[in-house]
There are 2 protein chains.
Amino acid sequence: MPPKSIAEELASKQKAISIGEFFERNRQILGFDNPSRALLTAVKEAVDNSIDSCEEARILPEVLVEISKVTEERLKVVVEDNGPGIVRKQIANVFGRLLYGSRFHSNRQARGQQGIGISAAVLYAGLTTATPAHIVSKIEEDPAANVVDLFLDTQKNLARVVKEDVLAWDRPHGTRIELVLKARYQRGRQSPFEYLKGTAIVNPHARLVFVEPDGTRTTWERATPDLPALAKEIPPHPHGLELGELDQMLRRSSSKTLQLFLSTDLSGISRRGISDVLQKGEFTGRENPSAFSPERVERLLAALKDTPMATPSAECLSPIGPMLIKRGLKNVLGSLRPEFYSPPVSRPPKVHAGCPFIVEVGLVYGGDLPSDQPVQLLRFANRVPLLFQQGACAITQTVADMDWHRYGLEQKSGAIPVGPVVLLVHVASTKVPFTSEAKEAVAHTDDITREIELAVQTAARNMKLHLSRRTRRDQAMEKFTIIQKILPRMAQKASGIVDKPVPDLTRVITRIMDVVAVEAKGSGEDPAKPSPRTSLTLTNYTSRIRPIELFLELPLESVKEGFSAEPAPETVSQELGRVTFPLQKLTPNAKVTYTLTWPKGEEMEAEDVDIFVAGVDEAHLLGADPLPGDWDVRLPAALVEAAENAEIAAARPTPAEGDEEVDYDATEKKESFADEE
Amino acid sequence: MPPKSIAEELASKQKAISIGEFFERNRQILGFDNPSRALLTAVKEAVDNSIDSCEEARILPEVLVEISKVTEERLKVVVEDNGPGIVRKQIANVFGRLLYGSRFHSNRQARGQQGIGISAAVLYAGLTTATPAHIVSKIEEDPAANVVDLFLDTQKNLARVVKEDVLAWDRPHGTRIELVLKARYQRGRQSPFEYLKGTAIVNPHARLVFVEPDGTRTTWERATPDLPALAKEIPPHPHGLELGELDQMLRRSSSKTLQLFLSTDLSGISRRGISDVLQKGEFTGRENPSAFSPERVERLLAALKDTPMATPSAECLSPIGPMLIKRGLKNVLGSLRPEFYSPPVSRPPKVHAGCPFIVEVGLVYGGDLPSDQPVQLLRFANRVPLLFQQGACAITQTVADMDWHRYGLEQKSGAIPVGPVVLLVHVASTKVPFTSEAKEAVAHTDDITREIELAVQTAARNMKLHLSRRTRRDQAMEKFTIIQKILPRMAQKASGIVDKPVPDLTRVITRIMDVVAVEAKGSGEDPAKPSPRTSLTLTNYTSRIRPIELFLELPLESVKEGFSAEPAPETVSQELGRVTFPLQKLTPNAKVTYTLTWPKGEEMEAEDVDIFVAGVDEAHLLGADPLPGDWDVRLPAALVEAAENAEIAAARPTPAEGDEEVDYDATEKKESFADEE
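Computed from a predicted model, the values in this text were never measured in an experiment. All residue numbers refer to positions counted from 1 along the written sequence of the respective chain. Whichever chain is written first becomes A and whichever ligand is written first becomes 1, with later ones labelled in order. With pLDDT at 70 or above as the cut-off, local features in this predicted model cover only qualifying residues; side-chain atom pairs require 80 or more to be listed or tallied, and sums for whole chains, interfaces and linings still use all residues.

What to know about the overall build of chain A
Our working definition: Every helix listed is a DSSP run of H or I at least four residues long, and every strand listed is a run of E at least two residues long, numbered separately from the N terminus. Residues with at least 20 neighbouring C-beta atoms inside 10 Å of their own are called buried, those with 12 or fewer are called exposed, and the rest are partly exposed, where every C-beta is derived from the backbone. Whether two residues are in contact is decided by their C-beta atoms, placed from the backbone, lying within 7 Å.
In terms of regular secondary structure, chain A is built from 18 helices and 28 strands. Along the three orthogonal principal directions, the C-alpha set of chain A runs to about 125 × 70 × 55 Å. Per-residue burial over chain A gives 47% buried out of 677 residues. Partitioning the intrachain contacts of chain A with sequence separation of at least 6 by distance along the chain shows that 73% fall at a separation of at least 24.

Details of the domain arrangement of chain A
All names here are of chain A. Heads up, the rule is: Note that the domain bounds were set by an automatic or database domain assignment. Under the grouping applied here, Gly and all other residues not named as nonpolar or charged are polar, the nonpolar ones being Ala, Val, Leu, Ile, Met, Phe, Trp, Tyr, Cys and Pro and the charged ones Asp, Glu, Lys and Arg.
In terms of domains, chain A is made up of domain 1 (19-220), domain 2 (243-306), domain 3 (322-467) and domain 4 (503-651). Distance from the C-alpha centre of domain 1 to the C-alpha centre of domain 3: 28 Å. Domain 1 puts 25 residues into the contact, and the matching count from domain 3 is 22 residues. A class-by-class count of the residues in the side of domain 1 that touches domain 3 yields 9 nonpolar, 10 polar and 6 charged.

A short note on the sheet that holds strand 19 (residues 533-541) of chain B
Residues and elements named next belong to chain B. For the record, the criterion: Two strands pair if DSSP finds at least two bridges between them.
Strand order across the open sheet formed by 5 strands is 21-25-19-18-27, with mixed pairing between neighbours. Two strands in the sheet have a free side with no partner beyond their single neighbour: strand 21 (564-566) and strand 27 (621-622). Here 2 bridges tie strand 18 (residues 515-522) to strand 27, and the two strands are oriented parallel to one another. Across the sheet, residue alanine 517 finds its bridge partner in strand 27, namely leucine 622.

Describing the sheet that holds strand 6 (residues 145-153) of chain B
Pairing between the strands of a sheet comes from backbone hydrogen bonds, and it takes one of two forms, parallel or antiparallel. All names here are of chain B. Let me state the cut-off plainly: To obtain each axis, a line is fitted to C-alpha atoms, and for helices this fit is confined to the stretch in contact; angles are then taken between N-to-C directions over 0 to 180 degrees.
Read across the open sheet, the 8 strands follow the order 7-6-5-8-3-2-9-10; overall the sheet is mixed. Across the chains shown, the open sheet's two edge strands, defined by having one partner strand only, are strand 7 (158-167) and strand 10 (217-220). Averaged over neighbouring strand pairs, the angle between their axes works out to 15° when direction is ignored. Strands in contact with helix 3 (residues 35-56) are strand 2 (62-69), strand 3 (74-81) and strand 8 (174-182); relative to strand 3, the strand with the most contacts, it is inclined by about 10°.

Describing the relation of the copies chain A and chain B
Applicable threshold: When the copies are superposed, the least-squares fit draws on C-alpha atoms of residues that have pLDDT of at least 70 in both.
At an RMSD of 0.4 Å, chain A and chain B line up after a rotation of 180° and a shift of 0.0 Å along the axis. Accordingly, the operation relating the two chain copies is best matched by a two-fold axis. Here 100% of the contact residues of chain A are again contact residues in chain B; the copies associate through an equivalent surface.

A closer look at the interface of chain A and chain B
The interface is formed by 65 residues belonging to chain A together with 65 residues belonging to chain B. Breaking the side of chain A that touches chain B down by element, the ones donating at least two residues are helix 1 (6-13), helix 2 (19-25), helix 3 (35-56), helix 4 (88-96), strand 4 (100-101), helix 5 (117-129), helix 7 (243-252) and helix 10 (294-306) of chain A. At 6 residues, the largest contribution of residues to the side of chain A that touches chain B is made by helix 1 of chain A. In the sheet, strand 1 (residues 15-16) of chain A pairs with strand 4 (residues 100-101) of chain B via 2 bridges, with the strands oriented antiparallel. Residue pairing across strands places alanine 16 of chain A opposite tyrosine 100 of chain B, the latter belonging to strand 4 of chain B.

Thoughts on the nonpolar core
Defined as follows: Only buried Ala, Val, Leu, Ile, Met, Phe, Trp, Tyr and Cys residues enter a nonpolar core, and they are joined through C-beta atoms within 7 Å.
Judged by nonpolar contacts, the single largest core of 256 residues is most densely connected at Val442 of chain A together with Leu423 and Val442 of chain B. In contact with valine 442 of chain A, other than residues within four places in its own chain, are Ala381, Cys393, Ala394, Ile395, Val427, Val432, Pro433, Phe434 and Ile448 of chain A.

Overview of unusual backbone geometry
Of the consecutive residues glutamate 566 of chain A and proline 567 of chain A, the connecting peptide bond is found in the cis state with omega at -5°. One can find proline 567 of chain A in the loop between strand 21 (564-566) and strand 22 (571-573). A positive phi angle, close to 60°, is found at glutamine 190 of chain A, a residue other than glycine. As for its placement among the helices and strands, glutamine 190 of chain A is situated in the loop between strand 8 (174-182) and helix 6 (192-202). The class of glutamine 190 of chain A is partly exposed, set by 15 C-beta atoms lying within 10 Å. Non-glycine residue arginine 383 of chain B carries a positive phi angle of around 65°. Its 24 C-beta neighbours within 10 Å are what place arginine 383 of chain B among the buried residues.

Structural notes on the environment of isoleucine 611 of chain A
Tracing the chain through its elements places isoleucine 611 of chain A in strand 26 (residues 610-614). On a C-alpha basis, the gap between isoleucine 611 of chain A and leucine 550 of chain A in space is 7.5 Å, while along the polypeptide they are 61 residues apart.

Structural notes on helix 5 of chain A
All names here are of chain A. Just so we agree on the cut-off: Take the residue count of a helix, subtract one, and multiply by 1.5 Å to get its expected span.
When the terminal C-alpha atoms of helix 5 are compared, their 18 Å separation across 13 residues agrees well with the 18 Å that a helix rising 1.5 Å per residue should span. With 13 of its 13 residues buried, helix 5 lies for the most part within the structure. The first or second residue beyond helix 5 is alanine 130, which carries a positive phi of 55°.

Here it is, written out as structure tokens:
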């Protein structure tokens, strides 16, 4: 035999690599770098699977996570759910095979998508402790549960089952997995505790129970009995499709004609759109898609790009929604008594590489949040908290790259800003582009980054608006306090000196104040704490008769579960939590009090109510905001006129002619103590 | 048929996911997030493969990279090398199949390891432009080159060959790949230019030619004709082996007995070690490894952990080496004229998960490097520059987590320090744990992180030492300047006033200076620029006779290629570039000049020479450093004594008794103009 050439020598070493061996050697890619991260990843993959399968089966999730110590270096992780269970023949595949699952090919939002996560945990457990995964699963139809002990054989990428059995189980259905792995337990940042807390924030329909190695038991109770709407599978949207992708779709399509392909294999194209595309691309619609020449594919893509499309349907997505974002943040941060919750921002759906996505943002400011620390960034993708790889994540990058000085926060160039702020960012997509299989960081893609930026900017603008309002209010409140406290004292003192009766200062005060003030307080012992009733008192400290209208935005649950108000509201919107009251005319110095009684058992803070007043311009309003434009309410003519007059009045130092003005001037002249001081 | 239960319904959707489809949907994991990163990744994968295959075939690499514009959104990338070529039947596998390659199973350092990179580039090109990869490859034995045009079929994970041909090619052997992909060209940070520049730094044996879309041609010439030693394959080291890994190794081993397994399937265990392991684990050595019970595996692992092992062999690694790190940094940073190059740090080999690794660090300080910017961090893994995912990388994290204030740099807590510093960190391993298949960031594992920290700390300490030396030298130099310039002027002025001849101040100056000064300069027009000769002048500005000895550390190539010195050196070390000269006695005010003539064609800067002097303590030395301890040179008795005396003298204000002191006092008394001023 002649000696091998170098090229042949090298060729003889070339061979296929099993996916199992690949991940065995590169387990850090799957999130199993080190013992503490490995623990978190294992818990996360199991819990995500549990919640996913419950939602698919329309079951309210109940998940138990229990971590206990085996030896100094080994922990046992148990995750048990009330999901639909797994049929016996699939148990080995689901847990013992990488790249095997149900959600990869479905084009809808899910926590797990890759069919890697839980099998990777089984692989890691086997590698580090040589202990098989112990799985118990029962489906409703079966009388007993199936028990399977298995390893993942990395060379074959198949389960190596070492034991099979059946077991009487008291659950009607559910799945339990037990893993023994090399791991380290810790609380705090990047811990299973943190992960479960985050999961509770964005999955208020789930009940989570966590037992720590020292026996500490924490339960996150269900905060809503409503399962989120099931995300629907839809075909890819033409936006962002690449030439080669379209080529593949055409070649693999079972549609017999191009017309059929456009209407069933793609989403978002109307009938009109289809005929536009056919016309622009010079197609008849009867072409066979599987035999397209490269030139034809290119022509079709150009025509698709050139035709206006409907916004992608959000049916395949399951965003958290503004109400639950706010509630979630309140659950976690309530004890820090933040002074401001930005209205959560939910961007309209956009498309990345044919996959619809939505970005949602929540922002909380002030209270006991530390003002000398970087903003706390809570990252979520498809309702899963992201705890590792913060530096690699497009969410972090986008926040750091923004100029926060313009929103009133300190910032060192290119870093996360500093301030008493918690920022929640959620990216929901049929396919979140993660930087690795460990699903810890969102990759930097122009379209997703852009949406994150827009959403965060909106929240930041709200914060800025709040900060400037606060400044204005603080100034007004200061004036209010000084006038209310100092003037009467001055009057008393002066009266004593000149030996005259103390005059009634109400009108003077009113003239100086020149605002309509709204004061909200709870009925409890501490008026600032949650209580079963909240009262809102509106006082007209201006010298004009004020036609005004009160509007409230309440937490949705309160509206749904039935609150009551006295005087009675005019309209109540169940979807938006918006409440309107009839027009009131307030004469100078007159007060009106609205009392809100919350649903039984629910205690509310005055801060949970957003208060808006129409008929008074911002300069003359204290403790409430003018009605925002997005309410789209038709105001009575009197209010519109009053608001216009108020604006004119605000622009001039003296009252406008024709205003219903009460003349205090005569009285004031007699009692102008201020001048005599 | 009865209706399906939920669990059965869900089970019916479960299926295997092709690795091709997985990466098709998750191309961001492979580094193809966006058009500019995709371009860099494609170039990188192709060039890394080229250099790897050249090194394996012991060929000095010559790689051409050419990028040209096809349309506004599409670029064509050509990478051509002089490697051994690929045999015809393997071309389709190497370029058209993910997880196929020669380096995954070999336990030695290589750029590519996963068998994913170049196929991923082919996949991306097909997806975005529906254009096949065009490959030309010729092996030495064949008369002509093979030409193959192919796509990667993601469903099958196999090449779909669309054209095959042969072609007369003027190269004796080599490979050329042409890809058309959706990409964006840019220079600057994270660009192909940057990547190639970095590659040139750490691969000085490669010649790289780069042609940009506008036709600009850049060549990085070979800086050394020596190929790095070929890294050898070695079996895994027992350190860091997990129980499950050992279990698998045993079951898969072809060794018939445990004794054989220990000596051939693992590395680093001596004969003595083997008998220790057998004894501690209570084995005979004749056990069949493939039939070990879990208990036995555990016992074996415990015995392995309990037995001292040799440091892992570094033969499987190919570190850059201190000399080439320094030279590489000089090549790139020379124009910024840094004032200090830290001696590069190369840590001894350690083991992570059975795989040996080495951390190397270079540090450059000062000159025209910006002092108000974060330290520039150059990350390398297995001689490949890492340009993306800086935030996710253990190298970045480790540098940011260190406390840099103690080394004299500004730093905001947890951030990269600020200062005129370039820091090069190279991790070389048989298996670098990357955070994703894109191989852009090193994952955070305790043992690698620890080594990075130790190496960077050493370099940082050197920098700190330099900074304090610089401060001392600056002070001495200031004194020197003042004395040399001001005193003579004063003398002249005073002489004029009193109408006396100007006295000779040399001795006064000497008495005040009290140092041995070393001045290095080039022979060219600008003494600070590279020139064919460098002169070193030593002047004894002390009042003692100084026995001194000069030591130089020169760039290795200069020593190898033959430099000459006048007076002639005593010894020259080829390996270390260290040069020693015979002992000299310098009387007060005496000078001696050494002239170094560099090899033909080579111009050197004075700064390229590290100058050390023995016989004078640091306090009396200007322009050179005392001989470091690691030189391990036996000094003549006179020098040792002189150094000891100097130390004693330095501790006292007056000269020590018995010193060979010349008495200037009489002279000084007559000429003490300073007092008369």
